[in-house]
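The primary structure of each chain is shown beneath.
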Amino acid sequence: MSINRKLSTQFDTIASVLEVMGANAFKINANRRVARIIKEYPTDLAEFAGDKKGLTSIEGIGSGSADRILEFIDTGQINELTQLASEIPEGLIDLLEVPGLGPKTVRRFWQEAEVTSLDELRKAISDGRLESLPRFGTKKIENISDSLAFMEASGDRMRLGTALPIAESLIETLLQVPGTRKIEYAGSLRRGRETIGDIDLLAVSDDPDALAEAFTTGPDVIKILAQGKTKCSVRLERGVQIDLRMIEDSAFGAALMYFTGSKEHNVELRERAIKAGQRLNEYGLFPDDGGEGTPQSRGIQPVASRTEEDIYEALELPWQPPELREQRDSAEDPPPPLVTTDAIRAELHAHTNASDGVMTLRELVEQAKSRGYHTIAVTDHSKSSGQANGLSPDRLRAHIDAIHEINDEIKGIRVLAGSEVDILADGRLDYDDELLARLDIVVASPHAALTQDSKKATSRLLAAIEHPLVHIIGHPTGRIINKREGLSPDMPRLFESAVEHDTVMEINANPLRLDLRDTHVRLAVEMGCQIAINTDSHRPEDFDLLRYGILTARRGRLGPKQCINAWTARKLHSWLAGKRS
Ligand SMILES: [Zn+2]
Ligand SMILES: [Zn+2]
């Protein structure tokens, strides 16, 4: 992974801290400029290790900046930032993370209202201290208050799409350490939740000391939080905490089950064990002899412990996929058939460089073909998405011709001419019906006016669902996880109407979106809605985001029959055409 983004954030933070300190504008802007240059630099700056001359030959990078970049490549940090940060109250850095709070405002809060932490900020809002500041209206303070509430709701949980690659690459590295026999991730990550608190790893090793050493001295580790015989904890940059537990192979299943959770699921299993005269803990399922202390400490042998399957079986329960081990699912219910990544045969929402994607039409089709898909839908943006270079009606007409041509030329895959048409704020679509009718597939999505009230959002989305030329509603709420709440329409009403009008609801697999979210999917599945899982690919590698959509779908109990991307070509194409007759 390129270091450019992390590095750019460091320069941005230096600029922000300088601004909070009241440094001169020239110095602040210089750092901001370097941050921007780094962020937009096309290749990984880590390749410039030790090459100061190379760095300074980049336009806008001076000698001082080059030194700091080299330092970061070398040590993973910039000393100047640590120095600067130590000169202001620690909590001010947290304040900079509040959406909508810029460095200038943070400085004023600090200087004029003695606010130096998030807690202080909350107090200052409730005791009216902020309102008494000149040029600070109620509206502004309300916005800050909303941002704080939103931050609290999302906590410092990282997105699934951040956590999973970190866990996987760490596991891959640690498996190389001699003596390591297996490592798996557990916790909410294994259950596929959309955000993750800490990452939990479980390992079996013949040389736990060597494994612990490798774990705590990893390149991204900024702090060792604990280092013991059976458990180590470290903190990576951006606050990610990872726990590594050493487990006996004979008790691996019990530990995996215990640390996967959820807590509610574990409680249900433990109670079931008790009813059967047994005890379940992280070391296994034991016969209960009524003695004091834990059974394993008294040398009692477990009934089951090696694998999760063994334990579920001994409890006379069906094995539950981790995605279903949530409060709302009973351990006694046999799990329904769930959709898998392998079952997906079509991508029905993807962009080319005609709008804001990077792939040419041909590259997109070849990419889909290489994934073994029978169908790829080309759905570039419509004209109102100006930022995304949305297509005018004329450009779309030419695009349709180009798509038909490539469909005739490339064998082995069906290429659908489509559009991701904007659902405008009032529910109208961004192209007229005559043009929409010429498309093989229409994905209709909300992109603007995402703060409108629930009532307006409901009628807006209902209009799109009921539109006879619309096949799929793309990312129905428009939310961005940890950033933007998006619309909150009356979901049961939408799903009812979707069933009635044979319109499909999308799970957008991009881990920033996961929209529909798991609880919505579950409701939609129960109500008999058909669901699409689309990656909304803009780059070739975006096709790999599918797995996040699959995890979300499985958490919503979606099976392959109700997922249109898992249908055969024949079934899918006849449904698409059905909406045109
Ligand atoms: Zn979109
Ligand atoms: Zn899109």
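Going by the structure above, here's the rest.
Since the structure is predicted, the reported quantities are computational estimates derived from the model, not experimental observations.

*Asks:* Account for the nonpolar core, with residues named and values stated.
*Replies:* The nonpolar side chains of soluble globular proteins are, as a tendency, buried together. With 60 residues, the main nonpolar core has Ile376, Ile473, Met505, Ile533 and Leu558 as its most contacted residues. At five residues, the largest contribution of residues to this core is made by helix H19 (residues 454–466). Setting aside anything within four residues of it in sequence, one finds methionine 505 in contact with Ile465, Ile473, Pro476, Leu494, Phe495, Ala498, Leu516, Cys529, Gln530, Ile531 and Ala532.

*Asks:* Quick one: what's the story with the coordination of the zinc ion (ligand 1), residue by residue and with numbers?
*Replies:* Every protein donor of the zinc ion (ligand 1) is accounted for by Glu420 (OE), His447 (NE2) and His475 (NE2), and the metal-donor separations fall at 2.1 to 2.2 Å. In primary sequence terms, the donor set of the zinc ion (ligand 1) follows E-x26-H-x27-H. A distance of 3.4 Å spans the gap from the zinc ion (ligand 1) to the zinc ion (ligand 2), which glutamate 420 bridges by coordinating each metal. One end of the pair, glutamate 420, is in strand E12 (residues 414–422); the other, histidine 475, is in the loop between strand E14 (472–473) and helix H20 (491–501), and 55 residues separate them in sequence. Taken individually, glutamate 420 and histidine 475 each receive the classification buried, so the pair is uniform in this respect.

*Asks:* Got a sec to walk through the pattern of salt bridges? Specific residues and values, please.
*Replies:* Applying the stated criterion across every chain yields a total of 36 salt bridges. Arginine 325 is the partner of glutamate 308 in a salt bridge, and the nearest nitrogen-oxygen pair spans 2.7 Å. Placement of the pair is glutamate 308 in helix H15 (residues 308–314) and arginine 325 in the loop between H15 and strand E10 (346–347), with a sequence separation of 17 residues. Its relative accessible area of 0% is what places arginine 325 among the buried residues. In this structure, aspartate 329 and arginine 557 form a salt bridge, with 2.3 Å as the shortest nitrogen-oxygen distance. Placement of aspartate 329 in the loop between H15 and E10 and of arginine 557 in the loop between helix H22 (546–555) and helix H23 (569–578) is noted, with a sequence separation of 228 residues between them. You can call aspartate 329 buried: its relative accessible area is 4%. Several salt bridges share partner residues, and in doing so they unite Arg181, Lys182, Asp206, Asp249 and Arg306 into one network.

*Asks:* Break down the packing of aromatic side chains for me, with residues and values.
*Replies:* Under the defined criterion, the tally for this structure stands at four aromatic pairs. Taken together, a centroid distance of 6.2 Å and an interplanar angle of 65° make the contact between tyrosine 41 and phenylalanine 48 edge-to-face. Under the relative-accessibility criterion, tyrosine 41 is labelled partly exposed at 24%. A relative accessible area of 14% places phenylalanine 48 in the buried class.

What counts and how
Residues numbered from 1 in each chain as written. Chains lettered and ligands numbered in written order. Predicted model: local features only at pLDDT ≥ 70, side-chain atom pairs only at ≥ 80, totals over all residues. Heavy atoms only, no water. Core = buried A, V, L, I, M, F, W, Y, C linked by side-chain atoms within 4.5 Å. Buried < 20%, exposed > 50% of the residue type's maximum accessible area, 1.4 Å probe, protein only. Helix = DSSP H or I, 4+ residues; strand = E, 2+ residues; numbered from the N terminus. Contact = heavy atoms within 4.5 Å. Donors = N, O, S within 2.8 Å, 3.2 Å for Na, K, Ca; no water. Salt bridge = Lys/Arg side-chain N within 4 Å of Asp/Glu carboxyl O. Phe/Tyr/Trp six-rings, centres within 6.5 Å; stacked < 30°, edge-to-face > 60°.

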